[in-house]
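Observations on the three-dimensional arrangement
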Amino acid sequence: MPTTITEPAADVVILGVGYMSGVIAAELSIASLNGGKNYKVVAITKGPYWDYVNDFSTTKYDEWGVGLGRKYDSPLPLQSATIRNTPYQFALPVRRYTMPIQYHALGHGVGGAAQHYGGTMGRQGPWGYTQYSSTIARYGAPFLDTVNPHSDLEDWPLTYAQYEPYYVEWEKAHGLCGDYNGSATNQPSDTGYPWMSVNYPLPPSPLTPIGQSFQTATQALGYHPFPHVSALASQPYINQYGVPVNPCVYDGYCGGPCDYACETGAKANAAYRTIPAAMKSGNFTLVVNGFIFRLDTDTASGLVTAARYYDPQGNVHIQPGTVFFNGMWGYNMIRIMLLSGIGAPYVWNSDPTLVSGSVGRGLTNGYLPYRGTNVSGTLPNNGGNAYPAGNGSGGSVDIYDLMDDNFDHGPGLSGLNGSPPFIGGAEIGAGGYPGGGPGNITFAGSVSSASMGGTFKATQKDKYLPTKTTLSSTPLAHDLPTTDNYVDLDPHYTDIYGDPLARLTYDWTPNTYNGATFLVKKVKDIFTQMGAQNVTIGSTVAPGAAHNDWWGHHLRGGCRIGANQSTSVWNKWNQCWSPASKPVFNIFGAGEITNTSGDNVPSGTHIAGPQSYRAAEGIKQYLALLTPGLLT
C-alpha cells in the first residue's frame, strides 16, 4: 500500500528543476552568497538526472528513438495537455510527439527541455519591456486597437535598464557566446543598439560563408549585424559558481528537427551550470522522479505550507517549506497553481471588458505560424558541405534593426506601402551551420517510389555537396496577448493520477501575419544585396490562414509579472501577489510563462533568465523579513 511520508522542512522548496530553478538553487544554497546563512534548499523534478557522459555519449545517435520515440522527453501517458483555438471549441488532448498535433518534445528531468534544445539565445531590447506605453505614445490607442483586437498588452513592471544587471549574471552563469548586440564593429559605444554594459563571456562560434555574406550585405544597407547568440560554449569556461564548462566539439548532432542532447556538456542548462554548484554547497537536496501534484496552503493566512509529490512507487511525499519557487515549465506552472487554488484564475468572457483574474491570462506563443508571407532566392557559388559538423545555433548573423520599434510603424511611413498595421517585427538572420543536426528521420515517412530504390539513391549521392544555397525567410512579427488566449483546467481530460489536464485556448494573432507583408520587402533587399538570384516574394498569407494545433517549448505569458495586481500573477520581485485580497506571498516564480508579453527574439529563455536572478534576490529579502509579506 502506498504511504504518506513527511520530509524534513526546508527554507526554500523548488518546484521543477529547469533553467530558472537552477539559478535559485545555486543562489540560495551557497552560504557565501547569503551572508553566511546556510539555507536548506530542496528541489523536486519529475524526471531523472541525465549524465551527459553515460546517458548521451553513445545513446544520443539514435534518430528514431530521439526523433520519434522521444526517449529523453516527458512521457505523454503520464501527463499531457489539451488544445483548442477558441473558447467555443472542444479541446483535444495531445497523445503523441509526432505530427499532426505535436512535433516538439518537452523536457524531462534536471535541465528540462534545455537538454535537447538548439541553444539559441538573444536579449529582449528596451522596447520589449514598454510595448504598450511606447506604442500608445508614438501611434495612439486607436492604432493599437486596430493592430490587436481584444488586446491584453501590458508593460513589464521593470525597464530593460533595471533588468540589465540580471542579464549579465545569467550570461556569466551559462557561458553565452556572442558579441555586442547590433554593432557593426562589436563595440558598445557604437551607434547601433548598445544595450549591453559588458560583452558576452564567450566569443561566438565561427561564422559560415552564408553568415559572412549576410553580414557584409546588411552592413552595406546600413544595418547593424552581429553573430547569433548561442548557449553552446565556444571554448572552455568556468562560471561565477566555479563550475567548469566543456566546449562544443561540432559533432553535427545537437540541432536538427528535434534537437539532440549534448554529450560534452557544452549545451548550457541547469544540470551542468548551476545545479553542480548547489550540490557542492552541502545545503541542497535534489529529488528526482517526483511528480508534484499539489501545494498545501494555510486556511488562515493563505500561505503555501508544503508541496506534495508522488514517487515512482506511488507514495505521497509532503515537503514543508518557508518559501516556494515555481520553476515548472510553461502550462505546468499555471496548472499547479490552479490545482492548488493559488492566485485568481482567469475567467474568459466574450466581452473583453468583463474578463477577470490573472492565472492563465495573457498567453502568447514563441513559435510562429508555419505559413506566412515568404521571400526566397538562390545564392550561387556559395554552397555548404552539410555532411561534416556544426552545431544547433552557431555560425549565423542577425540584425535587430527590423524588430521592436526600430523603424516607424505609422500608416504610410517608412515604406509600409499599404501593408496592414502591426507593431514590433522580427529578428532577421542567416547562415546557420547546414550540418547542425541529422535529417535522415524524414526518410521514415511519406514513402513512395520517389523515396526508395536506385533512382532515389542516385539523388542522395551529392546531397551533402551543394554548390548553391537556397535562401528563404518568413519574417513573421511577434505574437501579442489578447483576452481570448489563455490556459485553464480541462473539464474532460485528466493525467494518470486523475487530475485535470491544462487546457490551452490559443490561436496566432493578426500581428504575426501582418508584419510579414512589410518585412519580406526588406528581406528581399538583403537577399538581393547578398547576390541572390530569382529573389521572389510569395503570395500574401492573411491572418487566420493557419491555426495553432500544438504547443511549442516557448509558450509565453499566462502567468505573467506586472504592475497591475488584478491582471498579473507576480509583482516586480516575481513574488505572487494574486489575488489582491489575499496574496500568497511566500511563493515566487520565473520562466517564459511569466513573461509579460511576447518578444521579438527566438529565445524566451534568455528573457526569462534575468527574472530568475530577480526572484532569487526577492527570496533573500523575504527570508530576512521579520514579518513576512509583499516586498516593495
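Below you will find a few notes about this structure. It should be emphasised that the depicted structure is a prediction, and the values quoted were computed from it without experimental measurement.

This paragraph deals with the overall build of the protein chain. In terms of regular secondary structure, the protein chain is built from twelve helices and 22 strands. Its C-alpha atoms give the protein chain a radius of gyration of 24 Å, near enough to 26 Å, the size a compact globule of 632 residues would have. Along the three orthogonal principal directions, the C-alpha set of the protein chain runs to about 70 × 60 × 50 Å. Each of the 632 residues in the protein chain was classed as buried or not, and the buried ones make up 60%. Within the protein chain, counting contacts between residues at least 6 apart in sequence, those at least 24 apart form 77% of the total. Within the structure as shown, the protein chain displays about 23000 Å² of accessible surface, and the carbon and sulfur contribution to it stands at 55%.

Okay, the pattern of salt bridges next. One pass over the structure, following the stated rule, counts 17 salt bridges. With its nearest N and O atoms 3.7 Å apart, the salt bridge here joins Asp408 to Arg138. Taken as a pair, Asp408 in the loop between β15 (397–399) and β16 (428–430) and Arg138 in helix α4 (residues 131–139) lie far apart in primary sequence, 270 residues in all. Judged by relative accessible area, Arg138 falls into the partly exposed class, the value being 43%. With its nearest N and O atoms 3.0 Å apart, the salt bridge here joins Asp499 to Arg294. With Asp499 in the loop between β18 (486–494) and β19 (500–505) and Arg294 in strand β10 (residues 291–297), this pair connects stretches of sequence that are 205 residues apart.

Okay, the sheet that holds strand β17 (residues 468–473) next. Within a sheet, neighbouring strands are paired by backbone hydrogen bonds and run either parallel or antiparallel to one another. Strand order across the open sheet formed by three strands is β17-β14-β20, with antiparallel pairing between neighbours. Sheet topology places β17 and β20 (533–537) at the edges, where each strand pairs with a single neighbour. Averaged over all pairs of adjacent strands, the angle between strand axes in this sheet comes to 15 degrees, irrespective of strand direction. Bridging between strand β14 (residues 375–380) and β20 involves three bridges; their strand directions are antiparallel. Opposite Ser376, over in β20, you have Thr536 as the bridge partner. Against the sheet, helix α11 (residues 510–529) contacts β14, β17 and β20, and its axis sits at roughly 175 degrees relative to β20.

Take the pairing of β10 next. Burial within β10 is extensive, with five of its seven residues counted as buried. Hairpin connection of β10 to strand β11 (residues 304–310): six residues between the antiparallel strands, including Gly302 at a positive phi of 85 degrees.

Criteria and cut-off values
Residues numbered from 1 in each chain as written. Predicted model: local features only at pLDDT ≥ 70, side-chain atom pairs only at ≥ 80, totals over all residues. Heavy atoms only, no water. Helix = DSSP H or I, 4+ residues; strand = E, 2+ residues; numbered from the N terminus. Rg over C-alpha atoms; globule rule 2.2 N^0.38 Å. Buried < 20%, exposed > 50% of the residue type's maximum accessible area, 1.4 Å probe, protein only. Contact = heavy atoms within 4.5 Å. Areas by Shrake-Rupley, 256 points an atom, 1.4 Å probe, with all protein chains shown as cover. Salt bridge = Lys/Arg side-chain N within 4 Å of Asp/Glu carboxyl O. Pairing = 2+ DSSP bridges. Axes fitted to C-alpha atoms, helices over the stretch in contact; angles between N-to-C directions.

By themselves, these observations are geometric and do not establish any function.
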